[in-house]
Amino acid sequence: MIYEVLGGGRIEAASPVELVEALRQLDHDWIHSVSVEDFMADMADRCKLQTGAVVRTDTMVNFLHDLQSGGFITPVPIEQTI
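In every chain, residue numbers begin from 1 and rise along the written sequence. Local features are withheld for residues below a pLDDT of 70 in this predicted model, meaning they are given only at 70 or higher, and side-chain atom pairs are given and counted only at 80 or more; totals for whole chains, interfaces and linings count all residues. Side-chain numbers here rest on the full set of heavy atoms in the structure, without hydrogens or water.

## A short note on the nonpolar core
Selection criterion: For the purposes of this section, nonpolar cores are sets of buried Ala, Val, Leu, Ile, Met, Phe, Trp, Tyr and Cys residues that join through side-chain atoms within 4.5 Å. Relative accessibility thresholds used throughout: buried, under 20% of the residue-type maximum; exposed, over 50%; partly exposed, between the two (1.4 Å probe, protein chains only). The helix and strand labels rest on DSSP assignments: H or I over at least four residues marks a helix, E over at least two residues marks a strand, and numbering proceeds from the N terminus. In what follows, a contact means two residues having at least one pair of non-hydrogen atoms within 4.5 Å.
Among the nonpolar cores identified, the biggest contains 22 residues, and Leu23, Phe63, Leu64 and Leu67 are the most heavily contacted of them. When residues of this core are traced back to their parent elements, those giving at least two are β1 (2–5), α1 (16–26), α2 (36–51) and α3 (60–69). A total of 6 residues in this core trace back to one element, the largest contributor, which is α2. When neighbours within four sequence positions are excluded, Leu67 is seen to be in contact with Leu23, Met43, Cys47, Val55, Phe72 and Ile73.

## Considering the pattern of salt bridges
Quick note on the threshold: By salt bridge we mean one thing: a side-chain nitrogen of Lys or Arg within 4 Å of a carboxyl oxygen of Asp or Glu.
In the structure shown here, the tally under the stated rule is 4 salt bridges. In this structure, Arg10 engages Glu4 in a salt bridge whose closest nitrogen and oxygen atoms are separated by 3.0 Å. Assessed through its relative accessible area of 43%, Arg10 is described here as partly exposed. The residue Asp66 makes a salt bridge to Arg56 at a minimum N-O spacing of 2.8 Å. Remark: Arg56 occurs in the loop between α2 and α3 and Asp66 occurs in helix α3; sequence separation between them is 10 residues. Residue classification places Asp66 among the buried positions, given a relative accessible area of 10%. Of the residues examined, Arg56 reaches a relative accessible area of 36% and is grouped as partly exposed.

## Observations regarding α2
To keep things clear, this is the line we draw: Multiplying 1.5 Å by the residue count of a helix minus one yields the expected span of that helix.
The end-to-end C-alpha separation of α2 is 22 Å, in line with the 22 Å expected for 16 residues at 1.5 Å each. Turning to α2, its buried residues are Val36, Phe39, Met40, Asp42, Met43, Ala44 and Cys47. Residues of α2 that are buried make contact with α1 and α3. A positive phi of about 85 degrees marks Gly52, the residue just after α2.

## Here's the deal with the environment of Asp42
To be explicit about the condition: N or O atoms closer than or at 3.5 Å make up a polar contact, with two conditions inside protein: a donor-capable atom paired with an acceptor-capable one, and, for residues adjacent in sequence, both atoms drawn from side chains.
Relative to the assigned elements, Asp42 resides in helix α2. Remark: the alpha-carbon pair of Asp42 and Thr57, spanning 15 residues in sequence, is separated by 9.7 Å. At 2.8 Å, the side chain of Asp42 forms a polar contact with the side chain of Arg46.

This is the structure:
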């Protein structure tokens, strides 16, 4: 599936793990310096500060669900990817 990321850009991922890794790679400050869990916690903190959105970090699925609910990532319909 392809996702649009708030602030610009698109990423493609076939699983929650791939999607979190793709988001992590977009944030060049974090890709090599912290674990995936630390990245998720930092991103959740930034979402809270910027918009007040609460993003859970207990699982990748909850994390991604909350990012989508908050408008931080948006699935791109298949017809728009062609």
